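The chain contents come next:
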Amino acid sequence: MLDRQGIVMNQKQLRRLYREEKLQVRRRGGRKRALGTRRPMLVPDRANARWSLDFVSDTFTDGRRFRVLAVVDDHTRECLALIADTSLSGARVVRELDAVIRLRGRPDTIVSDNGTELTSMAVLRWCQQTGVEWHYIAPGKPMQNAFVESFNGRFRDECLNDTLFSTLTEARSAIASWKEDYNHHRPHSALGNMPPAEFAMKATLERQAA
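Residues numbered from 1 in each chain as written. Predicted model: local features only at pLDDT ≥ 70, side-chain atom pairs only at ≥ 80, totals over all residues. Heavy atoms only, no water.

Student: How should the packing of aromatic side chains be read in this particular structure?
Tutor: Here the distance between the centres and the angle between the planes together describe a pair of aromatic rings. Applying the stated criterion to the full structure yields 9 aromatic pairs. With 6.2 Å between their ring centres and 15 degrees between their planes, Phe151 and Phe155 make a pair best called stacked. With a gap of 4 residues between them, Phe151 and Phe155 both fall in helix α4 (residues 146-160), about one helical turn apart. Note on accessibility: Phe151 and Phe155 belong to one class, buried. Relative to Trp178, the ring of Phe155 has its centre 5.2 Å away and its plane inclined at 50 degrees; by these criteria the two rings are tilted. Of this pair, Phe155 sits in helix α4 while Trp178 sits in helix α5 (residues 168-184), placing them 23 residues apart in sequence. Residue Phe155 is classed as buried on the basis of its relative accessible area of 0%. In this structure Trp178 comes out as buried when scored by relative accessible area, which is 7%. Ring pairs connect the aromatic residues Phe151, Phe155, Trp178 and Tyr182, which therefore count as one cluster. Positioned above the aromatic ring of Phe55, the side-chain terminus of Arg67 is 4.1 Å from the ring centre. (Phe/Tyr/Trp six-rings, centres within 6.5 Å; stacked < 30°, edge-to-face > 60°. Helix = DSSP H or I, 4+ residues; strand = E, 2+ residues; numbered from the N terminus. Buried < 20%, exposed > 50% of the residue type's maximum accessible area, 1.4 Å probe, protein only. Lys NZ or Arg CZ within 6 Å of the ring centre and 35° of its normal.)

Student: It is not clear to me how the sheet that holds strand β2 (residues 65-73) should be interpreted in this structure. Could you clarify?
Tutor: Each strand in a sheet pairs with its neighbour through backbone hydrogen bonds, running either in the same direction (parallel) or in the opposite one (antiparallel). Read from one edge of the open sheet, 5 strands run β3-β2-β1-β4-β5, paired in mixed fashion. Each of the sheet's edge strands pairs with one partner strand only, and the pair in question is β3 (79-85) and β5 (133-136). Neighbour-to-neighbour, the strand axes of the sheet open up by a mean angle of 20 degrees, direction not taken into account. Taken together, the 6 bridges between β2 and β3 define a ladder with antiparallel strand orientation. (Pairing = 2+ DSSP bridges. Axes fitted to C-alpha atoms, helices over the stretch in contact; angles between N-to-C directions.)

Next comes the structure, spelled out in structure tokens:
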């Protein structure tokens, strides 16, 4: 490499010159990650104590991809939301969470992985504004989010893998029908073979009577 006077300089000399002239360019640090908490997670004992959140991906018949945002109450196992779209940003995630909160109240904690959308400034700002604690599971440890992982497996096997979708409208219609059946008609072994909505109602009545 040539300096201003046409003298050949090697890399070491060039670095020394940059240091002497204080021209070093600061290395950009890695993207800040929202670490959340790492304490052991207990099974919640009431509705809205903890929600789990994750994305599921699928394709249309023409090969285009779409994603589904799944939100589950870890106590009642209710599916609170299944939002299908070709793009789901962090801002969209918090808008959908606000919509669920308007219907059933605010959760104490939300659990998710460290995906880009879920560690976005929109999500971090939303947590500060709402007071909801967001717990990020350790990278590569999906079983730390076992409730929604189990739900996703059932959702994929019984809905996504069982149906061909040509359009987003078709996908949303089929997903909404499956969600209704899952919440109100499908027995859940972990809930004494009651559907999640029935279990949630029973738990609410018992809490009110206590």
